[in-house]
Structures are given as structure tokens and as C-alpha cells.
Amino acid sequence: MKAFVMTEIGETDIIEKERPEPGPMDAILKPTKGLICTSDTHTVHGAIGEREDLTLGHEIVGVVDEVGEEVTDFEPGDRVAVGAITPDWNSEAAQAGHPSQSNQALGGWKFANVKDGTFAEYVHVNDADGNLAHIPDGVTDHEAVYTTDMMSTGFRGAENADIPIGGTVAVFAQGPVGLMATKGAVLQGAGEIIAVETVPERQELAREYGADHVVDFAEEDAVEAIMELTDGKGVDSAIEALGADQTFQDAIKVTKPGGTVSNIGYHGDGEFRHVPREEWGVGMAEISIVTDLCPGGRLRLKRLLRLLDQGVVDPTKMTTHEFDFDDIEEAFWIMDGKEDNVIKPLVNFE
């Protein structure tokens, strides 16, 4: 089968690999739609270390091709979504309520990390009954593929932000995850949403997804602008959706005492992140800093798919480019360089 791989740090290629085989509880999918994520580009640039011929990708939907003998809820021909994070549901971490951390920190993140990812003609899924979800008839594959990571991660950012109904929230960065965090803030009942972004196309989408104000950090100091918008009080909640030291610090600086900073950004470089001491109340301002990895699992996917089926959100507005699987390498490097005003490239496998 064909697979799009990281051959070494900084290099990619399409190569031939053996078709994977399922274990007793596993499934093999044939992808139909996929999305390229900035996390994939971080991986190729060495964020998780050396990898050799590692298949990339973690955002796909498709059709079940084969299942192991102990899989009970899925069969060949089913149209399904699979989470970017595929936890081991019998792990202690899962039983403790932290399935994304299965067996080790970030242990539920298997695709394109500790096993081959999803950008191939066939994809292996562990613990299929726990990690797959049927796609409703009224939901397209294009819509459904956004549940696998962007909606799940972005909405979790809003869930973790502990936004009071009618409260204020600042969302730093309006890439696909940040845009879904903005929409998630709406769904959580935020009364005022401030988006921080400089790219005009992303600013426009932020407004469409519910932002009341957009602060252009290239034109003004984001912290000063947010403090002015909130009459010097700061926001109840801040969501960091970029993964940079500066935005992490800024999120803390604009959060009022007793508020929450929710981090869903992928901090892929540098050894440390800094906490601004004064705005943190020298450690005693009761500002909670909450981190999370994209939630996985069938229940999560079913709930997100239900939102699509009910027309609550249209994530396909974020799709700016489409490519056939044979052209995935071009799509990847466009995403890497943020060329041509790209927000999210869709990959068609058939």
C-alpha cells in the first residue's frame, strides 16, 4: 500500500508499506477523507525526535475494511470516524479519567508518534470498539473528519476554561483549533469573546464562529487591547491555542484573579514556558492553568457528530484547499509554510 511518511527529520516521501493486520480487538480502515495538521509539521521538524519512515497523519474518516474477532460493534463496510487520540481503554489512566494519557504522558497519542499514522491506503486502529464511531447518514465525510481532532481539541479548550455563563474569554490564535475554541466558547455560554489573530481570513472566520472582538496583535499590543476591552479587569477565561511562550504568558496576563487559563496549544519547541510572576499574583492569584490533549473515544466522537447532524456548527468553512492523496506531499508543505492563506487542507483518498 502507499503511505505518506517522514523519512527523517525534515524529509517526507510517499513509499510502499505492508498492509497492516488487525489484532483481536482492532480494525483496519480504508480512509476516504483526511486533514493535515500543524502537529504533523512539528513532527517532521523533530518535535518528538527522530523517526524513520513513520507514516504521518492523525485526522481521517473512512470505511471499515476488516475487524478482529473480538470486535463487536463494527463490521466491514461501516462508515466511521476515528479519533486522533486512540486510548487504551483498560489502562489505569483511562480508569482514572485521563484516557489520553494511557500508560504514559500523552500515551493515547499513537498515530504518527509511536505507531504509523493515518495517511495511508489502510490504517490500523487499536481497541476499535472504544475508538471508532459510526457517522450518521446526514453527516458528510468532509464534515465528520473535523470531529477527529479540531472540534474535539478546540471544544475541550472551551470546556476546560470554566467559562461562566455570560463571562468573558480571550482566545489566543485563530488557527483551526483556535477557531473551534471560539465556537466552543459560544456553546459554553460565553457573553463576550475576544479573538487574537492577525491573518485577515482567520479574523473573518473568528467573527463567523462567534468572536465579538478581534485583536490584531500585529497592529497593537494584545494584552493592552484586551485589558482595555475589559475595563482593566481582564477576562474570566483565556484559551491558548497556538503553543508559544509569548501567547502563554499573555493568556496569564489577561486573566483576572480566580480565572482559568486553558492550554490546548502544542508547545513544540523550547525547553521551558514562562509564567509572568506579577500577573500570576506571585503564585497566589488563584489562576488555574489547565492542560489537555485532544479527547478520544467513541462517546466523544458521537457527541461531536451529533452536533454536526443537528447543524450546530459547520467546520468545513475552515477547508481552504483540497488535494488528492497522490498530491499529499504538496499539501503538507503548503501547510508547513502556511502558504496561500491556508487554514486547513483536505485530502481525498478516493
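It should be noted that the structure appears before, not after, this text.
Residues numbered from 1 in each chain as written. Predicted model: local features only at pLDDT ≥ 70, side-chain atom pairs only at ≥ 80, totals over all residues. Heavy atoms only, no water.

(A) Structural detail: a negative patch on the surface. On the surface, a cluster of negative charge is contributed by Glu219, Glu220, Asp221, Glu224 and Glu228. Looking at the element boundaries, glutamate 220 is found in the loop between β11 (213–215) and α8 (222–229). (Patch = residues over 30% accessible without salt bridge, like charges linked within 9 Å, V, L, I, M, F, W, Y side chains within 5 Å. Areas by Shrake-Rupley, 256 points an atom, 1.4 Å probe, with all protein chains shown as cover. Salt bridge = Lys/Arg side-chain N within 4 Å of Asp/Glu carboxyl O. Lys, Arg positive; Asp, Glu negative; His and termini not counted. Charge placed at Lys NZ, Arg CZ, Asp CG, Glu CD. Helix = DSSP H or I, 4+ residues; strand = E, 2+ residues; numbered from the N terminus.)

(B) View of α8. Buried within α8 are the following residues: Ala222, Val223, Ala225 and Ile226. Viewed along the axis of α8, the buried residues span an arc of 165°, placing them on a single side of the element. The exposed set on the far side of α8, more than 90 degrees from its buried face, consists of Glu224 and Glu228. Buried residues along α8 sit in contact with β9 (168–172), β10 (192–196), β11, β12 (235–240) and α9 (245–253). (Buried < 20%, exposed > 50% of the residue type's maximum accessible area, 1.4 Å probe, protein only. Arc of directions from axis to C-beta. Contact = heavy atoms within 4.5 Å.)

(C) Seen up close, the sheet that holds β10. With respect to topology, 6 strands assemble into an open sheet ordered β11-β10-β9-β12-β13-β14, the strand pairing being parallel. Two strands lie at the open edges of the sheet, namely β11 and β14 (288–291), each paired on one side alone. Ignoring strand direction, the axes of neighbouring strands in this sheet form an average angle of 20°. Here β9 pairs with β12 via 4 bridges, running parallel. Residue pairing across strands places valine 169 opposite serine 237, the latter belonging to β12. Across the sheet, α9 is in contact with β9, β12, β13 (255–263) and β14; its angle to β13 comes to roughly 150°. (Pairing = 2+ DSSP bridges. Axes fitted to C-alpha atoms, helices over the stretch in contact; angles between N-to-C directions.)

(D) Inspection of a nonpolar patch on the surface at higher detail. A cluster of nonpolar side chains, contributed by Val275, Trp280 and Ile289, occupies part of the molecular surface with about 210 Å² of accessible area. Inspection of the secondary structure assignment puts isoleucine 289 in strand β14.

(E) Focus on the environment of serine 262. Structurally, serine 262 can be placed in strand β13. Apart from residues no more than four positions distant in its own chain, serine 262 is found in contact with Arg156, Gly157, Asn160, Ala161, Ala238, Ile239, Glu240 and Val290. Here the side chain of serine 262 touches glycine 157 through a polar contact of 2.8 Å, landing on its backbone oxygen. (Polar contact = N/O pair within 3.5 Å; in protein donor to acceptor, adjacent residues only side chain to side chain.)

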